[in-house]
Amino acid sequence: MPEIKVTPLGAGQDVGRSCILVSIGGKNIMLDCGMHMGYNDDRRFPDFSYITQNGRLTEFLDCVIISHFHLDHCGALPYMSEMVGYDGPIYMTHPTKAICPILLEDFRKITVDKKGETNFFTSQMIKDCMKKVVPLNLHQTVQVDDELEIKAYYAGHVLGAAMVQIKVGSESVVYTGDYNMTPDRHLGAAWIDKCRPDILISESTYATTIRDSKRCRERDFLKKVHETVERGGKVLIPVFALGRAQELCILLETFWERMNLKAPIYFSTGLTEKANHYYKLFITWTNQKIRKTFVQRNMFEFKHIKAFDRSYADNPGPMVVFATPGMLHAGQSLQIFKKWAGNEKNMVIMPGYCVQGTVGHKLLSGQKKLEMEGRTTLEVKLQVEYMSFSAHADAKGIMQLIRMAEPRNVMLVHGEAKKMEFLKDKIEQEFTGISCFMPANGETTTIPTNPSVPVDISLNLLKREAAFGGPLPDPKKPRTMHGTLIMKDSSLRLVSPEQALKELDLNEHQLRFTCRVQLQDPYSDTDTLSRVYNHLKSVLKGYTVQHLPDGTVMVESIVLKVSSSAEDPNTKVVLLSWSYQDEDLGSFLSSLLRKGLPP
Amino acid sequence: MKLYCLSGHPTLPCNVLKFKSTTIMLDCGLDTTSVLHFLPLPLVHSPRLSKLPGWISKDGAVSLEKRELLDLSTIDVILISNYHCMMALPYITEHTGFTGTVYATEPTLQIGRLLMEELVNFMERVPKAQSATCWKNKEIQRLLPGPVKEAVEVWTWRRCYSMQEVNSALSKVQLVGYSQKVELFGAVQVTPLSSGYSLGSSNWIIQSHYEKVSYVSGSSLLTTHPQPMDQSSLKNSDVLILTGLTQIPTANPDGMLGEFCSNLAMTIRAGGNVLVPCYSSGVIYDLLECLYQFIDSANLGSTPFYFISPVANSSLEFSQIFAEWLCQNKQSKVYLPEPPFPHAELIQTNKLKHYPGIHGDFSNEFRQPCVVFTGHPSLRFGDVVHFMELWGKSSLNTVIFTEPDFSYLDALAPYQPLAMKCVYCPIDTRLNFHQVAKLLKEVQPLHVVCPEQYTQPPPTQSHRSDLMLELQPPPMPYRRCSVLGLPFRRRYERIQLLPELAKSLVPSEIKPGISVATVSAVLHTKDNKHVLQPPPKPAPVPPSKKRKRVVEEPPELVTPKPLLSGAVPLEPFLALLHKHGITEVKVEDTPDGHILHLQAEDTLIQLEEDGTHIVCDSNEPLRATLRDLVLRFLQKL
């Protein structure tokens, strides 16, 4: 029995280090290769020794697919390809291919240069790794080899995020990566066609949340920023360089314009200017509105938002600063936070999800005293606000995607176990017949598939059959068709029996039956024949019964003749003759006539 | 399978393919060469032009290569290969009852829209006080002067469409990406492939499980800006429809580019202006890139370059956002991130300026000597008309023709006498005959269909037998209004056996390596997909109350029993009869076999090489037994 096996190496009942192995039709695919923000040790990367204990992965994997550029989806890629060893193809979209190496380099710098870790991947390794990348276009069917094909769909979430369909023969898997079912200020909504995969592997970050309307959240956000700035406070918005940052920038930019505000908005340097450039060049990946107007006005050219310099943090007066990274676990955002945390006039707005173990997560869970490196504690006096702007699908969105793709099974990854549990129940309730799985890391889920067998049918046979069926098939009376399946080498051809005989150079063997039935019927031969005809006509509804001028009756292709017995003119002999192909009818007729004719 | 050829223009094709009950239109190019019969449309009234004899000054008409060869409302889909080949789209999709879908890549749609917008703008900004159509009547046309008198089929000439019609037509476009498999009604799959000619240009594969038609239109093997041509996917085609080869087979595009630059530099140095009549997208990107490298070395750093078109800005902006559709080295620039085309830098450094028209900003900032890129290449409408009038009288100036679509002599005719220099550097990057011969050798299609022009040398160079297609078997030529029957027969169709049915089959080996199994199944066809299901289980016999009726009930009209093959050998058959208690058998030899007389049962069995005949009168159980015994020796098919 063919089956599909799915094993998460990361993101199984967890958020972070997404890495999922899929075996389908004899092919092995790795979906994403991410790192975990919450760990600084070995647990940071997926456990590749699950695949093989000794050495390189190339012979165990047919391809690696990266859904988008967030580090929890691609952060382990250079480690996997250069340090563990993988030389096969790595697929990702153009924007991901462009942005991913920059984030990796950034990650490397923080880890190696600032934290002083050794035994980490180098800049050269990132470059070598990126050389193995094959860019993927939306909706393009990429033939990885003769049997394995993959196709990318738009996922929203961040620039270049994609969902992928993996297909071998008639078996298929869809992996969503992270996605967003509602369009936002700069990206469109995820979309997939009714591809009916055997299994849909979906993220479930917001499995239990049904978010209120985006407009309300935006208004809230603007109100809070505005109030803080009005009373002279500073607003820190920790973001990832690409994604939410651009959406919130567009939001603030238009608000500042409309309200004619003067307080400066800064964007922490380095990545960000570059980041906006990427958005300009990959404008086809943004939403309809931005694409339509980009010639007149490029939304990513900001008037009010300026580059940040480290010294600005100590400037007096109000300001708004976007700084990376988004979970306050390192870098500039953490530095600024330390400076501003002591003043209750200030505010930090967390616009996205924070992984356990990060400063961001501690803040959101309400800690007022934070232990910092070097055994110092930091007292948090500034206001902490959480606003979910991170572009993940909520429970409603996940259900919507299931309805769109109509999978046979659903698997939840990239979420917390408790929330998954809730959503799993909901899915199984709402969609009868869909099983839902939520494996832990290292746990294999096996899904039997039941593929149908493709066969070449001769057009003659198909047309003959279609003609019999009439324009509209009758569901109550299905017609059984008859054909011969010829199996030769690896080809399967279904042809009519006659054609099969001819092709295989076989003779046909005619099997015929002749039966004489005696009837007591005191009429002339022709009258008896008419009586036989009338009788059969009345019994055999739906059959062709013909009275032929040459003194015979034909039922379909069975011939009946009547003659008188030599001894007794009242005893009639009905001669029936049929071939094996009409056996059922012939047998029926002979028994019927033996019972005599009705008076 | 049939091909209806609606256009005779080899580079502006319009063919309709009927394949497996789908009707697919391949491109709809608009042949605008008929505008050469008209006077130029100047922005300001020009007394000189309006007095010219021999031309008529009438509404901006374009000729539509279409005839009522088939009903346009029956077209299911239109496949567009590049933005030059979609200019007639509004004529096909609007006011014809067309309800289908148009497939094109995103750059093709966006740039096609710009070109249509430009055309409409050119036409509409010179409104005509009156428009006439009566002259199209044959009787009146006869009396008209000049070339219009000889023009054929003027009644197919139509007024230019409006922006509203363009928008409506383009709203029917469904975007596709290269190598995307698009299913049409479950019967046919179409796939666009990169053709290397322009941004988003594609060739198309139209295939079912067994047949493959390749449609090659406007392809290029030169390394210019677009993604390289995908050749390998064209392999194993049954039919390859070949259109859109280079219109200037004798000119080498690289050489022409060199000549373009040197003529441009020469004119500027001498203090003259250069006019380049061109389309707003396509080769202009390559010209600008070439100039970008050339400007400094030729000391043209201070010369202003102007690009004037209602869509100039859009065209330049759009070219920068289609990284996925560009060649490798342009693509990798985006990763830096830098704009893929260097004209961004030309604009930033103020060397290249673009304007929507000659009014407004341009007239204030205009400095001479300069280089002006503007349309339309026919010199009949657009801002180019103004510049021809302005600069035509001075021999210092030069007009350089780069677009190959129009005869430059015809284009210049209404401006004669002309003092300005004329240079003809047509740049056509499409395949030449040498390249196409190599390509066809590589991809090996069974049959090639092409416009008849490609099967003979060009009329002006009848000795150049290298400027035609020579193939074995010879290509099937088409001309306008041809209907070709394409030479292949469909014999098979894909069908799916449900797993339950597949499991129930009992294969038996008939010959070494060949097995057969009889299949009795119910055919289900939905959306042109066929599935075989196991036959339904017979309904259980109703309870005994109705038993009497049941006997009377004739058997269901079912499909016949399988065919039989093989022979019944005498001795083993006798032995088998013996085993079943039939011992009294009298065997009689006949010329073709044997007759067995079962004396006790008064039954005859006639055994022959290819037939068995059982004559058994009243003993039905015996007949059934004999039947089953005979069947044991035979193969069911």
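Everything discussed here concerns the structure shown above.
Residues numbered from 1 in each chain as written. Chains lettered and ligands numbered in written order. Predicted model: local features only at pLDDT ≥ 70, side-chain atom pairs only at ≥ 80, totals over all residues. Heavy atoms only, no water.

Participant: How should the overall build of chain B be read in this particular structure?
Facilitator: Helix and strand content of chain B: 19 helices and 32 strands. Considering chain B as a whole, with its 637 residues, one finds that 55% of them fall into the buried category. A separation threshold of at least 6 residues defines the contact pool for chain B, and within that pool the share at least 24 residues apart is 70%. Accessible area for chain B stands at about 27600 Å²; split by element, carbon and sulfur atoms hold 52% of it. (Helix = DSSP H or I, 4+ residues; strand = E, 2+ residues; numbered from the N terminus. Buried < 20%, exposed > 50% of the residue type's maximum accessible area, 1.4 Å probe, protein only. Contact = heavy atoms within 4.5 Å. Areas by Shrake-Rupley, 256 points an atom, 1.4 Å probe, with all protein chains shown as cover.)

Participant: I tried to follow the packing of helix 5 (residues 214-230) of chain A against helix 6 (residues 244-259) of chain A on my own but got confused; where do I start?
Facilitator: Two measures define how a pair of helices packs: the angle their axes make with one another and the distance between the axes. All names here are of chain A. As a packed pair, helix 5 and helix 6 sit with axes 11 Å apart at the nearest point and diverge in direction by 60°. With respect to each other, helix 5 and helix 6 are oriented oblique. Note on packing geometry: the crossing formed by helix 5 with helix 6 is right-handed. The residues of helix 6 that touch helix 5, namely those facing K214, E218, F221, L222, V225, H226 and V229, are E247, L248, L251, L252, F255, W256 and M259. Residue classes in the contact of helix 5 with helix 6 are distributed as 10 nonpolar, one polar and three charged. (Axes fitted to C-alpha atoms, helices over the stretch in contact; angles between N-to-C directions. Parallel < 35°, antiparallel > 145°, perpendicular 65-115°, else oblique. Left-handed = near helix turned anticlockwise from the far one by under 90°. Nonpolar A, V, L, I, M, F, W, Y, C, P; charged D, E, K, R; others polar.)

Participant: Sorry if this is basic, but what is going on with the sheet that holds strand 8 (residues 173-175) of chain B here?
Facilitator: Adjacent strands of a sheet form backbone hydrogen bonds with each other and so pair up, either parallel or antiparallel. Residue and element names in this part refer to chain B. Pairing is mixed across the open sheet formed by seven strands, whose spatial order is 8-6-5-3-2-1-22. Single-partner strands in this sheet number two, and they are strand 8 and strand 22 (483-485). Recorded for the sheet is a direction-independent mean angle of 25° between the axes of neighbouring strands. Note: strand 6 (residues 101-104) against strand 8, three bridges, orientation parallel. Its bridge partner lying in strand 8, A104 is registered against L175. (Pairing = 2+ DSSP bridges.)

Participant: Teacher, can you tell me more about the sheet that holds strand 11 (residues 202-207) of chain B here?
Facilitator: Residues and elements named next belong to chain B. The strand order across the open sheet formed by seven strands is 9-10-11-12-13-20-21, and the pairing between neighbours is mixed. For this open sheet the edge positions go to strand 9 (182-184) and strand 21 (476-478), each flanked by a neighbour on one side alone. When strand polarity is set aside, the average angle formed by the axes of neighbouring strands in this sheet is 20°. The pairing of strand 13 (residues 239-242) with strand 20 (residues 447-451) spans three bridges and is parallel. Its bridge partner being in strand 20, V239 is matched across the sheet by H447.

Participant: So what exactly am I meant to see when it comes to the side chain of S281(B) here?
Facilitator: All names here are of chain B. Position of S281 among the secondary structure elements: in the loop between strand 14 (274-277) and helix 8 (283-297). Look at S281 and you get buried, because its relative accessible area is 2%. Side-chain polar atoms of S281 contact the side chain of Y83, separated by 3.4 Å. (Polar contact = N/O pair within 3.5 Å; in protein donor to acceptor, adjacent residues only side chain to side chain.)

Participant: In this structure, what is going on with the pattern of salt bridges? I would like to understand it.
Facilitator: A side chain with one charge can pair with a side chain of the opposite charge if their charged atoms come near. Residues and elements named next belong to chain B. Using the criterion set out here, one finds 44 salt bridges over all chains in the structure. The partner of E493 in a salt bridge is R490, and the shortest N-O contact between them spans 3.1 Å. A relative accessible area of 8% means that E493 is categorised as buried. (Salt bridge = Lys/Arg side-chain N within 4 Å of Asp/Glu carboxyl O.)

Participant: Got a minute to help me understand the interface of chain B and chain A in this structure?
Facilitator: Where the parts come together, the accessible area they lose is often given as the size of the interface. Contact with chain B, which involves 91 residues of that partner, is made by 83 residues of chain A. Between chain B and chain A, roughly 8000 Å² of surface is buried when both sides are summed, and carbon and sulfur atoms account for 59% of that area. Across the contact surface, chain B and chain A share five salt bridges. With a shortest N-O distance of 3.5 Å, D456(A) and R494(B) are connected by a salt bridge. If you look at where chain B meets chain A, you find 35 residue pairs in polar contact (both at pLDDT 80 or more). Counting residues per element, the side of chain B that touches chain A draws most heavily on strand 25 (residues 514-526) of chain B, which supplies 10 residues. Pairing of strand 26 (residues 510-520) of chain A with strand 31 (residues 611-615) of chain B, which is carried by five bridges, proceeds in the parallel orientation. Across the sheet, residue T514(A) finds its bridge partner in strand 31 of chain B, namely V615(B). (Buried area = accessible area lost by both parts, 1.4 Å probe.)

Participant: Would you explain the nonpolar core in this entry?
Facilitator: Side chains of nonpolar character tend, in soluble globular proteins, to be buried together. The biggest cluster of nonpolar side chains holds 253 residues, and the ones touching the most others in it are F48(A), I201(A), F221(A), F337(A), L89(B) and F373(B). The contacts of F373(B), once residues within four sequence positions are left out, are F260(B), V276(B), C278(B), I284(B), L287(B), L288(B), L291(B), F305(B), Y306(B), F307(B) and I308(B). Core analysis: the second largest hydrophobic core is formed by 48 residues, V532(A), L536(A), Y580(A) and L576(B) among them. (Core = buried A, V, L, I, M, F, W, Y, C linked by side-chain atoms within 4.5 Å.)

Participant: Help me understand unusual backbone geometry, please; the structure alone is not making it clear to me.
Facilitator: Excluding glycine, a negative phi dihedral is what most residues carry, and trans is how most peptide bonds are arranged. Residue and element names in this part refer to chain B. Going from G375 to H376, the amide bond is cis rather than trans, its omega being 5°. Along the chain, H376 turns up in the loop between strand 17 (371-374) and helix 13 (384-391). Backbone geometry at H95 places phi at a positive 60°, although glycine is not the residue there. Along the chain, the position of H95 falls in the loop between helix 2 (89-93) and strand 6. Take H95: its relative accessible area is 71%, and that puts it in the exposed class.

Participant: How should I be thinking about the side chain of N397(B) in this particular structure?
Facilitator: Residue and element names in this part refer to chain B. Looking at where N397 falls in the secondary structure, it is placed in the loop between helix 13 and strand 18 (398-401). A polar side-chain atom of N397 sits 2.8 Å from the main-chain amide nitrogen of N273. Among residues more than four places away in sequence, those in contact with N397 are T267, G272, N273, W391, M420 and K421.

Participant: What is the right way to read the state of the cysteines from this model?
Facilitator: Defined simply, a disulfide is a covalent bond joining two cysteines at their sulfur atoms. For the structure on display, the rule yields zero disulfides over all chains. The thiol of C129(A) is unpaired, and the distance to the nearest cysteine sulfur, on C100(A), comes to 7.0 Å. Here C129(A) falls in the buried class, since its relative accessible area comes to 0%. Free cysteine: C290(B), not disulfide-bonded; nearest cysteine sulfur from C261(B) at 3.3 Å. (Disulfide = S-S within 2.5 Å.)

Participant: Which parts of the structure should I look at to understand the pairing of strand 14 of chain B?
Facilitator: In summary, the side chains of a regular strand alternate between the two faces of the sheet. Residue and element names in this part refer to chain B. Burial of strand 14 is two-sided: the residues V274 and V276 facing one way and the residues L275 and P277 facing the other way are all buried. The pairing of strand 14 with strand 17 spans four bridges and is classified as parallel. Considered in strand 17, the bridge of V276 is made with F373. Looking at chain direction, strand 14 and strand 18 are connected through two bridges and run parallel. The residue bridging L275 from the neighbouring strand is V399, located in strand 18.

Participant: Whenever I open this one, the environment of K18(B) confuses me. Can you help?
Facilitator: Residues and elements named next belong to chain B. Turning to its location among the elements, K18 is positioned in strand 2 (residues 15-19). Residue K18 is classed as partly exposed on the basis of its relative accessible area of 32%. The residues touching K18, leaving out its near neighbours within four places in the chain, are M1, K2, Y4, T23 and L70.

Participant: Would you mind going over the packing of aromatic side chains with me for this structure?
Facilitator: Centre-to-centre distance and the angle between the planes together describe a pair of aromatic rings. All names here are of chain B. Tallying each qualifying case throughout the model produces 34 aromatic pairs over all chains. When the centroid spacing of 5.1 Å and the interplanar angle of 85° are considered together, the rings of Y306 and F362 count as edge-to-face. Here Y306, found in strand 15 (residues 305-308), pairs with F362, found in helix 12 (residues 361-365); they are 56 residues apart in sequence, far enough to count as distant. Across the pair, F362 and Y306 agree in class, each one buried. With centroids separated by 6.0 Å and ring planes inclined at 70°, the aromatic side chains of F362 and F387 adopt a geometry described as edge-to-face. You can see F362 sitting in helix 12 and its partner F387 sitting in helix 13, a full 25 residues away along the chain. (Phe/Tyr/Trp six-rings, centres within 6.5 Å; stacked < 30°, edge-to-face > 60°.)

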